[in-house]
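Observations on chain architecture
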Amino acid sequence: MLILFTFSSLQAQEVHTVSLQEAMKLAKENNKKVLKSQLEITLAEQNIKERKELRLPDVELNGMYSRITNITEFKGDGFLNGKEVTKAIPEIYEVNSTFKMPIYVGNKINNAIKIANDESEISKIKSEKTENDVELQVVANYLAIYKMMELQKIFEENIKEEKSRLKEVQSMQKHGTVTKNEVIRAELQLSDRELNALTNSKNIKIALHDLKTLIQLSENEEIAIDTTSNLDEMNGLDPYDFYLNKAMQNEEMRIASQELKISKTELQLVKGNYLPSVHFFGNYGFYYPNYKFFPPNPYLYTLGQVGIEARFDLSALYKNRTKVAQANTKIEWHKMQTEIVKDEIQDKLFKEHTQYQEILEKFVVVDKALDLANENYRIVKLKYLNQLVLITEMVDADNALLQAKYNKISTHLDAILKHYELMHTAGMLSQS
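Residues numbered from 1 in each chain as written. Predicted model: local features only at pLDDT ≥ 70, side-chain atom pairs only at ≥ 80, totals over all residues. Heavy atoms only, no water.

**Description of the pairing of strand S6 (residues 222-225)**
- Side-chain alternation along S6 places Ile 223 and Ile 225 on a buried face and Glu 222 and Ala 224 on a face that remains uncovered.
- In this sheet, S6 lies alongside strand S1 (residues 15-18) in parallel orientation, the contact comprising four bridges. Of the residues in S6, the one forming a bridge with Val 18 is Ile 225. (Buried < 20%, exposed > 50% of the residue type's maximum accessible area, 1.4 Å probe, protein only. Helix = DSSP H or I, 4+ residues; strand = E, 2+ residues; numbered from the N terminus. Pairing = 2+ DSSP bridges.)

Quick look at the structure:
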């Protein structure tokens, strides 16, 4: 039992370490939003089959059994006078079949199939967009965890140094070289760092759980990110026009284009109401008794019919005008929506391209800032140890160094994230 318990505990604590590319792959395969979008593709394809089946004939089989009364006629001059009863055959049986197949219905079936095909294409584009959205969400979550883990390392390194400094300050106080206030300030600084580290560690746990949900790992698996893998996905920054040309064919633009195409087909579908419909039909049945004659004959007989039926709805000439006007308005609405989507993509792309340039230009600045912060910390620490400056200056130098270290890591990770965001907006994420 002890062995089984130990084995179960080890299973429960199994850690799954994932790289960024592996996390994106798992999300693409397992994420519920992605799987849902794939089901929507299947539904759209089934809808195409359903529309195509409109071309098939409608076939019905009917049966009836009934009992009837005798036939009573009143042949007299007055009301209910001259009653004459004719014996009827009391039972009636009917079994017949009918079929009806469209020959021409104003091209409505073809247009309905065309709409279904366009809707299927939209479902595929939406599935592609869902996959890319989820992948970008994974990237953002993964890099946020990476950033917090790097910050945790800085905190832990800083806490060790703060503890060492506190011991030095306490030793100095015993020798009367510093005041009690110096000790309190050092303790406060250490306490602040420990609180920051605690909060950051909890945030890491929350973000890891979110990542686990995104890639659909089981609850028994603990997840960790691979901080040893290469995260440098940047391939340089191309000119803005290069990304703009790609973005004009991204998922949102293709969806808007397909929706406009559907609205134009819907107009043709509505206009089909002005046209006649022609059907090929037939029926055949067994009937008993024969009521085609009077008095009826007590014989089973069969009767069949085949022909072409044409219908023209005259009311459509005045009832269909509003529907046509609505369809035309819908086309204009979709044209305007396409332009709105285009403007939004252009604005978003320009913003991300500019921000990416800014981040890349920051690399030199943050590297220099880190060198300066290290040198400043070295000088202030040396002065502090020689009691030439107060602990407040030491704390300021320490904070500046911590911020500089974090800025360098953060800038590098922000550049990677912005690269993915730019690829996502340009519709190139699946190619990156």
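**A few points about the pattern of salt bridges**
- Enumeration over the complete set of coordinates arrives at 22 salt bridges.
- For Asp 118, the salt bridge goes to Lys 261, with nearest N and O atoms at 3.6 Å. With a gap of 143 residues between them, Asp 118 in helix H4 (residues 108-174) and Lys 261 in helix H7 (residues 251-271) connect regions that are remote in the sequence.
- Across the pair Asp 133 and Lys 129 runs a salt bridge, and its minimum N-O distance is 2.9 Å. Note that Asp 133 and Lys 129 are positioned in helix H4 at a spacing of four residues, about one turn of the helix.
- Under the relative-accessibility criterion, Lys 129 is labelled partly exposed at 23%.
- When salt bridges that share partners are traced, they join Glu 161, Glu 162, Arg 165 and Lys 381 into one network. (Salt bridge = Lys/Arg side-chain N within 4 Å of Asp/Glu carboxyl O.)

**Description of a nonpolar patch on the surface**
- On the surface, Leu 61, Val 95, Tyr 284, Phe 286 and Leu 300 cluster together into a nonpolar patch covering about 540 Å² of accessible area.
- Here Val 95 lies in strand S5 (residues 91-104). (Patch = residues over 30% accessible without salt bridge, like charges linked within 9 Å, V, L, I, M, F, W, Y side chains within 5 Å. Areas by Shrake-Rupley, 256 points an atom, 1.4 Å probe, with all protein chains shown as cover.)

**Observations regarding the packing of aromatic side chains**
- Scanning all chains against the criterion turns up seven aromatic pairs.
- Here Phe 99 and Phe 280 contribute two aromatic rings whose centre-to-centre distance is 5.5 Å and whose plane-to-plane angle is 55°, an arrangement assigned as tilted. Within this pair, whereas Phe 99 is found in strand S5, its partner Phe 280 is found in strand S7 (residues 277-288), the two being separated by 181 residues in sequence.
- On the accessibility criterion, Phe 99 (30% relative accessible area) is partly exposed.
- Three or more aromatic residues link up through ring pairs in this structure, and these residues are Tyr 65, Tyr 93 and Tyr 288. (Phe/Tyr/Trp six-rings, centres within 6.5 Å; stacked < 30°, edge-to-face > 60°.)

**Description of unusual backbone geometry**
- Cis peptide bonds are those with omega within 30 degrees of zero, and the linkage from Tyr 288 to Pro 289 qualifies with -10°.
- Mapped onto the elements of the fold, Pro 289 is located in the loop between S7 and strand S8 (301-311).
- Located in the positive-phi region is Asn 107, a residue other than glycine, with phi close to 65°.
- Looking at the element boundaries, Asn 107 is found in the loop between S5 and H4.
- Despite not being glycine, Gln 216 shows a phi value in the positive range, around 60°.
- For Gln 216, the position within the fold is in the loop between helix H5 (180-215) and S6.

**Points about empty space enclosed by the protein**
- For the structure shown, the criterion picks out two cavities of 30 Å³ or more.
- Here the largest cavity defines a volume of roughly 80 Å³.
- Along its surface, the largest cavity is lined by Ile 154, Glu 157, Asn 158, Glu 161, Asp 398, Leu 401, Leu 402 and Lys 405.
- Secondary structure elements with two or more residues in the lining of the largest cavity: H4 and helix H10 (391-425).
- Of the residues contributing to the lining of the largest cavity, the split by class is three nonpolar, one polar and four charged.
- One number sums up the size of the second largest cavity: a volume of about 50 Å³.
- Forming the walls of the second largest cavity are Lys 129, Asp 133, Asn 250, Glu 251, Glu 252, Lys 348, His 424 and Thr 425.
- Contributing elements (two or more residues each) for the lining of the second largest cavity: H4, H7 and H10.
- Of the residues assigned to the lining of the second largest cavity, the class counts are no nonpolar, three polar and five charged. (1 Å grid on protein atoms, 1.4 Å probe; cavity = no way out; pocket = protein on both sides within 12 Å on 5 of 7 lines; lining within 4 Å. Points joined across faces, edges and corners; volume = space filled by probe spheres on them. Nonpolar A, V, L, I, M, F, W, Y, C, P; charged D, E, K, R; others polar.)

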